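Okay, here's what each chain looks like letter by letter:
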Amino acid sequence: MTQRAKTEAGGRAQATEPAHRGLSAAEVAERVARGEVNDVPVRSSRSTADIVRSNVFTRFNAIIGVLFVIILIVGPIQDGLFGFVIVANTGIGIIQELRAKKTLDSLAVIGDSKPTVRRDGTAAEIPTSEVVLGDVIELGPGDKVIVDGEVLESDGLEIDESLLTGEADPVVKQPGEKVMSGSFVVAGGGAFTATKVGREAYAAQLAEEASRFTLVHSELRTGISQILKYVTWMMVPTAVGLILSHLFTLNMAGDEAVRRMVAGIVPMIPEGLVLLTSVAFAIGVVRLGRKKCLVQELPAIEGLARVDVVCLDKTGTLTEGGMDVSDLRPLGGADEDHCRQILGALGASDPRPNASLQAIIDAYPARDGRRATDALPFSSARKYSGAALEGPDGEHTTWLLGAPDVLLPSGDDTLPEVDDLNAQGLRVLLLARAERGLHDAGVADQVRPTALVVLEQRLRPDAMDTLRYFADQGVQAKVISGDNAVSVGAVAGKLGMPGADSPVDARKLPADPDDMGKALEDGAVFGRVTPQQKRDMVKALQKRGRTVAMTGDGVNDVLALKDADIGVSMGAGSEATKAVAQIVLLNNSFATLPSVVAEGRRVIGNITRVATLFLTKTVYSVLLAILVACCQIPYPYLPRHLTLLSTLTIGVPAFFLALAPNKERAKPHFVRRVMRYAIPSGLIIGLAAFATYLLARSHYSGPDALPAETSAATLTLFLSAMWVLAIIARPYTWWRVGLVLAMGLGFLIVLVVPWLQNFFDLKLVGTTMPWAAVGIAAAAAILLEVAWRFIGRRFPA
């Protein structure tokens, strides 16, 4: 806390100059020259080199690169088209991730914390990276300890070190004691001197790893990696079998055998699936960035898409941060003017007031003649603050200001009046005189109630629409607040939230996680929730199989934000909440959250959808390679044929489908959900294409028979794969229908334009076999429809 704030706060017994002036400008320059600065890593994103490296040097780019070089050697160039596609795809991936990096970096600067540092006796906010060794850094409620240090000043300073030590209880810090980076202030204030900065600080390395821009640790990415691992295992024996079969059994020329082998291997690789996932995530970041939403970890987009319960803190989420005093009600014959004086002195005693106390300060400015000699900062755990005051006549009194139902015994005559006010959605604080010393453990026992301070909260205008959105999307909303349960219920009721008429006092919740989880399922609004209880409630819901998002902006939300599947912090929230949250709403608008959920659902739902396209191709490619090797016949396709088919039935349409709107909530078991359709679809398509190939081998003869057989088999393969695309494109919209028709038109153009026929070596011979190929494809389409409907009913996701 600054000396200026203390002086303005009512003339507490402090020196007019700060006891610790901080470093001088010359000392700061000297430390900067020695490199003793807080050079922590940039929070949000990877370097450009990392992005290029991760997109270029992949396992499958290496495999395809080798195959591309082989084709360049044996020729012709049209059989190496798949190599150019990979170059283009990799370029797209790099460009999109660089766009995401630019967005993240710019948002990170906006959302970066600026600690208050004292230099030459003057306190000012500076960027974290400009802190140097020996700086005096001021602390207040919600502030994050950014570097290791030693406490110089303490005014009821309580620091939560649970993120580092696991110890849940806040630690009271006195001058001379150590503070560690990564901890945060829950109550009181003070100042400390930086003893370790940059990478030497306790939590720096942890923060560096935890805050990297990353695409790992998500079910989607893990599932795709698992699929790719299995594909790799299948590729090697298949390649060996194909090359040996073509060289020694069929006595095919070496260059032709290599081309057929490459044609059998390349389509097994769902290389575009990895790229498309990266692109979809990156575009999601850019879209959210335009709405001032900082995604600190990319998997948060996926996680929020899977959320089915969102826990909301009332203050700062459903209500705006500010409040107004609407009434002052003296109790027991107390003088109203005297109450105003006491409230003014209490407000002046705290240099870092919370929203409630700030409203009191605005309504009742401090007057001369009454000053604070000691103060007890507000704590979310105890629900009250206090001060020891000295009157103009030298009288010393102790006063508390806090929750009436905490300071008063059950059954007190004042509580019914409090309940009536709470039922109107008003917030009520009790001003009470304590008989014991301010730091006595029993200071809140047997207090003398003096006045009720009635505060009116400001509802966020967009909160009702946001709650309605969650209800429509099947996401349960739970309001968990430290305020009085009735008051919280009244606020939620004004917003039309279901279950708001039955608020629950969290002090009556069972401690057992199973019993607590049941109570949480039944209720929607919970009041008088302690910070530790918020954490327990999140864990209880998770234990019941729920995917939980937690929103909050106060220091009392940190523990729950950290343990939730997805933590969402407001940009104006405390530094501690922004440090642990995966998503920061920099515009402080709760209404942005539906956009984040919708973006997550779009990304995950569409990737799941198009993954079926890619993996269907993998399945039929493996099946065709096995059948060809077993039957000792030439592989029917050249690489150019499968490049054409992949582009028209998968590559181009998948890109558009992956970016389309999708409101379906993401479901677990990605691999199982995709493969349950991909395997039967791939088998049906593979068998249909192979049947056409066998039929064509018996129909055509002569030296030019193989190209004619290939063309017929390609027609069946294309039409069957197009039907899978048509199924996946549902429900149809004008642009989806147009997309499918455009891909069909593209193939038709290849078949009728002479130079394209020659380039792709595709020419249908006669009429009997082409129509037979169409008939077999039609039968495959019917089987695909039956299989998809049966699987949808028999094995629902």
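This write-up is about the structure you can find in this document. It should be emphasised that the depicted structure is a prediction, and the values quoted were computed from it without experimental measurement.

**Structural notes on the side chain of Asp308**
Turning to step 1, where the next piece is worked out: For Asp308, the position within the fold is in the loop between helix H11 (299-305) and strand E9 (309-312).
Turning to step 2, where the next piece is worked out: Judged by its relative accessible area of 12%, Asp308 is buried.
Turning to step 3, where the next piece is worked out: Engagement of the side chain of Asp308 in a polar contact is seen with the backbone nitrogen of Thr547, the distance being 3.0 Å.
Turning to step 4, where the next piece is worked out: Residue contacts for Asp308: discarding those within four places in its chain leaves Gly474, Val475, Gln476, Gly545, Arg546, Thr547 and Arg665.

**Some remarks on the nonpolar core**
Turning to step 1, where the next piece is worked out: If you look at the biggest cluster of nonpolar residues, it comprises 130 residues, and the most contacted ones within it are Leu304, Ile583, Tyr635 and Phe747.
Turning to step 2, where the next piece is worked out: If one sorts the elements of this core by residue count, helix H22 (residues 593-631) sits on top with 18 residues.
Turning to step 3, where the next piece is worked out: Setting aside anything within four residues of it in sequence, one finds Tyr635 in contact with Leu242, His246, Arg260, Ala263, Gly264, Pro267, Leu624, Ala625, Val628, Leu642 and Tyr693.
Turning to step 4, where the next piece is worked out: Within the second largest apolar cluster, 24 residues are counted, among which are Ala506, Leu509, Val529 and Val580.

**Describing the side chain of Ser621**
Turning to step 1, where the next piece is worked out: Mapped onto the fold, Ser621 is located in helix H22.
Turning to step 2, where the next piece is worked out: A relative accessible area of 1% means that Ser621 is categorised as buried.
Turning to step 3, where the next piece is worked out: Polar contacts involving the side chain of Ser621 include one to the main-chain carbonyl oxygen of Lys617, which spans 2.7 Å.

**Brief notes about the environment of Val724**
Turning to step 1, where the next piece is worked out: By the secondary structure assignment, Val724 is in helix H25 (residues 705-728).
Turning to step 2, where the next piece is worked out: With 189 residues separating them in the primary sequence, Val724 and Arg535 have C-alpha atoms 46 Å apart.
Turning to step 3, where the next piece is worked out: Setting aside anything within four residues of it in sequence, one finds Val724 in contact with Leu613, Thr616, Ser681, Ile685, Leu784 and Trp788.

**Quick look at a nonpolar patch on the surface**
Turning to step 1, where the next piece is worked out: Together, Ile92, Val652, Phe655 and Phe656 give the surface a local cluster of nonpolar side chains, amounting to about 300 Å² of exposed area.
Turning to step 2, where the next piece is worked out: Considering each element in turn, the nonpolar patch owes the most residues, 3 residues, to helix H23 (residues 639-658).
Turning to step 3, where the next piece is worked out: Among the secondary structure elements, Phe656 is positioned in helix H23.

**Notes on the sheet that holds strand E16 (residues 476-480)**
Turning to step 1, where the next piece is worked out: Strand order across the open sheet formed by 8 strands is E8-E21-E20-E19-E9-E16-E18-E17, with mixed pairing between neighbours. Edge positions in the sheet fall to strand E8 (293-295) and strand E17 (504-505), since each has one partner strand and no second.
Turning to step 2, where the next piece is worked out: In the sheet, strand E19 (residues 548-552) pairs with strand E20 (residues 566-570) via 4 bridges, with the strands oriented parallel. When the bridges of E20 are listed, Ala549 appears paired with Ile566.
Turning to step 3, where the next piece is worked out: Taken strand by strand, H22 contacts E8, E9, E19, E20 and strand E21 (583-585), and its axis lies near 145 degrees from that of E21.

**Observations concerning the packing of aromatic side chains**
Turning to step 1, where the next piece is worked out: Evaluated as defined, the whole model comprises 8 aromatic pairs.
Turning to step 2, where the next piece is worked out: Seen in terms of ring centroids, Tyr469 and Phe470 are 5.7 Å apart; in terms of plane orientation they differ by 65 degrees. Their pairing is edge-to-face.

So, how was this worked out
- All residue numbers refer to position in the chain's written sequence, counted from 1.
- Owing to the predicted nature of the model, reporting of local features is limited to residues with pLDDT of at least 70; listing and counting of side-chain atom pairs is limited to 80 or more, with chain, interface and lining totals taken over all residues.
- The side-chain numbers reported here are obtained from all heavy atoms of the structure, hydrogens and water having been left aside.
- Each helix corresponds to a stretch of at least 4 residues labelled H or I by DSSP, and each strand to a stretch of at least 2 residues labelled E; elements are numbered beginning at the N terminus.
- Burial here depends on accessible area, computed with a 1.4 Å probe over protein chains only, as a share of the maximum for the residue type. Under 20% is buried, over 50% is exposed, and the range in between is partly exposed.
- Under the rule applied, a polar contact is a pair of N or O atoms within 3.5 Å (in protein, one hydrogen donor and one hydrogen acceptor; residues adjacent in sequence only if both atoms are side-chain atoms).
- Any pair of residues with heavy atoms lying within 4.5 Å of one another is described as a contacting pair.
- Note on terminology: a nonpolar core comprises buried Ala, Val, Leu, Ile, Met, Phe, Trp, Tyr and Cys residues joined through side-chain atoms within 4.5 Å.
- For patch building, the residue pool is restricted to those with more than 30% relative accessible area and no salt bridge; the joining distance is 9 Å between like charges and 5 Å between nonpolar side chains (Val, Leu, Ile, Met, Phe, Trp, Tyr).
- Only the protein chains shown count as cover for residues, with accessible areas throughout obtained via the Shrake-Rupley method and a probe of 1.4 Å.
- We define a salt bridge as a side-chain nitrogen of Lys or Arg found within 4 Å of a carboxyl oxygen belonging to Asp or Glu.
- For two strands to pair, DSSP has to find at least two bridges joining them.
- Here the axes come from fitting lines to C-alpha atoms, over the contacting stretch only for helices, and the angles between their N-to-C directions go from 0 to 180 degrees.
- Any two rings among Phe, Tyr and Trp, with Trp reduced to its six-membered ring, count as a pair given centres within 6.5 Å; such a pair is stacked if its planes are under 30 degrees apart, edge-to-face if over 60, and tilted if neither.

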